[in-house]
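Here is what each chain is made of, one letter per residue.
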Amino acid sequence: MGYGKLAKGISEEEARRKLERVMPSQERKKSFQGTSPSIFIGSHNYPKVNTGVLSPQQHLGSSSLMDSPKDWYGQNYSIEKVASLRTSLVNSKEKQKVKKPGNFAQNTREIAMARKPVDIEVELEKRPGQSISGGRAKPVSASGNVESFNLGENPTVERKIEDMFYDRDAKAETAVDELHQKGVDNYQIQQSFTAGMLGEEKNRELVPTRWSITATDDMISKRLRKEVKNYQELGQIEYYKNEYVGNDFHIFLIPGRWEYELIEMKRPGSVWNAAENTYIAQNYEPYSGRTSYAEQTAGAFYAARLGTLEHLRDRKRQAKALILRDVSPEYWAPLGVWVIRETLRNAFDEKQEVDTFSNVKQMIGSEFKFLYHRLKQESKMIGSRQASITDF
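Just so it is clear, the model here is predicted, and its values are computed rather than measured.

Things to note about a negative patch on the surface
At step 1: A contiguous patch of negative charge, built from Asp163, Asp167, Asp169 and Glu178, is present on the exposed surface.
At step 2: Classification of Asp167 as partly exposed rests on a relative accessible area of 30%.

Written out as structure tokens, the structure reads:
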């Protein structure tokens, strides 16, 4: 049933037991009516990929909560609660070529543009099978191949996205930038990007959901970074802390020109770490920016950068950012990088001032005692070279 795809830090049997406790008990149906809050584009067999519409198999009061990370975080949903919502969805899918998708892709565009979940009528080839997978994207459960599919209504679309859809000369980066500046939610921008609705017409194509999430975070945060670099430097070292579903974040904003480092510590038994020792991943960005993908921390790097730059932009300040993510066994299944994005966005309410960078290192050493030597070896900002620049 694919449980091992979802949780690598615990045994497949334990993951199965945990998920089966929260998975919906209703019988999966071949034909159904529901409301779709979002779409999902797979990456397997690219460039011919599964293009899917996510929906429950029944009409609910509102299915929007089934794809609403801001609400999940705001209401402090547990892993089990989010998994319960996500495994209630069925992925009604059809194989499509990313460059020249068929008619079914138009349905995904309508749903991606819609202001609210869209009524749908679905006939699958057979009752949907169940195989849970997760990672950078939010978990997805049962799926089935589409035999027939109809929208039950003409969706009310987000006009700003519709305008960019018909602007076939604007590059994807420009489209994403303009939509973000006009206040369109970045989750809906990502849905439009994955549906192949943005960019120059000759370059438009379906983009696998897990790729589009990172691409959208990257494009938006690059624009914010450019803006932040024009602001006055922070005058005092600041420390912030936030935690959600077993992800502890320690954030240091340090006076100086923009610079950013994310260090992740994945404890034994946490997601993706079945080993006996803590796994440490690190990526760094200088003032000039990166020239390659952040391989070690992957999508987390861009999601954390976005949350941090949004905060600095709002304050009209520039700073170096050192972020440590400590992942405990409580985080036993990957819910997606929205966990990082929303936890960072909500981390900046309570500030603690720190006198010197030496004190920063002492705080890290005190918090992570036996890991400190390894952290110092991995980090570009914790080492002595940075201390001489930022200590005053």
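Re the packing of aromatic side chains
At step 1: Within the structure shown, the criterion is met by twelve aromatic pairs.
At step 2: Plain terms: the ring middles of Tyr73 and Tyr244 are 5.0 Å apart, the flat faces sit at 65° to each other, and that makes the pair edge-to-face. One end of the pair, Tyr73, is in helix H2 (residues 69–74); the other, Tyr244, is in strand E8 (residues 237–244), with 171 residues separating them in the sequence. Each of the two residues, Tyr73 as well as Tyr244, counts as buried.
At step 3: Ring geometry for Tyr240 versus Phe348: centroids 4.9 Å apart, planes at 70°, classification edge-to-face. Remark: Phe348 occurs in the loop between helix H10 (338–345) and strand E14 (352–354) and Tyr240 occurs in strand E8; sequence separation between them is 108 residues. No difference in accessibility class separates Tyr240 from Phe348, as the two residues are buried.
At step 4: Among the aromatic residues, ring-to-ring pairing joins Trp258, Tyr260, Tyr293, Phe301 and Tyr302 into one connected group.
At step 5: Over the ring of Phe301 we find Arg290, and its NZ or CZ is 5.6 Å from the ring centre.

Quick notes on the nonpolar core
At step 1: Among the nonpolar cores identified, the biggest contains 63 residues, and Ile251 and Leu253 are the most heavily contacted of them.
At step 2: Sort the elements by how many residues they give to this core and helix H9 (residues 299–315) lands first, with eight residues.
At step 3: Every residue in contact with Ile251, bar those within four places of it in the chain, is listed here: Glu238, Tyr239, Tyr240, Leu322, Ile323, Leu344, Ala347 and Phe348.

Observations regarding the confidence of the model for the protein
At step 1: Scored by pLDDT, the protein has a mean of 90; 89% of the residues are at 70 or more.
At step 2: Counting interchain partners and residues more than four positions distant, the pLDDT-below-50 stretch residues 385–392 has 19 contacts.

A short note on the environment of Glu350
At step 1: Examined against the element boundaries, Glu350 turns out to sit in the loop between H10 and E14.
At step 2: When the C-alpha positions of Glu350 and Tyr239 are compared, they lie 8.6 Å apart, and in sequence the two are 111 residues distant.
At step 3: If we skip the residues at most four places from it in the chain, Glu350 touches Tyr239 and Tyr240.

A look at the pairing of E8
At step 1: Of all eight residues making up E8, six are buried, and the element is well covered by its neighbours.
At step 2: Strand direction decides the pairing type here: E8 and strand E9 (residues 247–254), joined by seven bridges, are antiparallel. Note that in E9 the partner of Asn242 across the bridge is Phe249.
At step 3: Between E8 and the antiparallel strand that follows it, E9, lie two residues; Val245 among them carries a positive phi value of about 40°.

A closer look at the sheet that holds strand E11 (residues 279–285)
At step 1: A sheet is described by the order of its strands in space; here six strands give the open sequence E11-E10-E13-E9-E8-E14, paired in mixed fashion. Looking along the sheet, the strands with just one partner apiece sit at the ends: E11 and E14. Within the sheet, the average angular offset between the axes of one strand and its neighbour, ignoring direction, is 20°.
At step 2: Relative to E11, strand E10 (residues 259–266) runs antiparallel, the two being bridged by seven bridges. Bridging across to E11, Ile263 finds its partner in Gln282.
At step 3: Helix H11 (residues 357–368) contacts E8, E9, E10, strand E13 (320–327) and E14 of the sheet and is inclined by roughly 170° relative to E9.

About the cut-offs
Residues numbered from 1 in each chain as written. Predicted model: local features only at pLDDT ≥ 70, side-chain atom pairs only at ≥ 80, totals over all residues. Heavy atoms only, no water. Patch = residues over 30% accessible without salt bridge, like charges linked within 9 Å, V, L, I, M, F, W, Y side chains within 5 Å. Areas by Shrake-Rupley, 256 points an atom, 1.4 Å probe, with all protein chains shown as cover. Salt bridge = Lys/Arg side-chain N within 4 Å of Asp/Glu carboxyl O. Lys, Arg positive; Asp, Glu negative; His and termini not counted. Charge placed at Lys NZ, Arg CZ, Asp CG, Glu CD. Buried < 20%, exposed > 50% of the residue type's maximum accessible area, 1.4 Å probe, protein only. Phe/Tyr/Trp six-rings, centres within 6.5 Å; stacked < 30°, edge-to-face > 60°. Helix = DSSP H or I, 4+ residues; strand = E, 2+ residues; numbered from the N terminus. Lys NZ or Arg CZ within 6 Å of the ring centre and 35° of its normal. Core = buried A, V, L, I, M, F, W, Y, C linked by side-chain atoms within 4.5 Å. Contact = heavy atoms within 4.5 Å. pLDDT = per-residue confidence, 0-100. Pairing = 2+ DSSP bridges. Axes fitted to C-alpha atoms, helices over the stretch in contact; angles between N-to-C directions.

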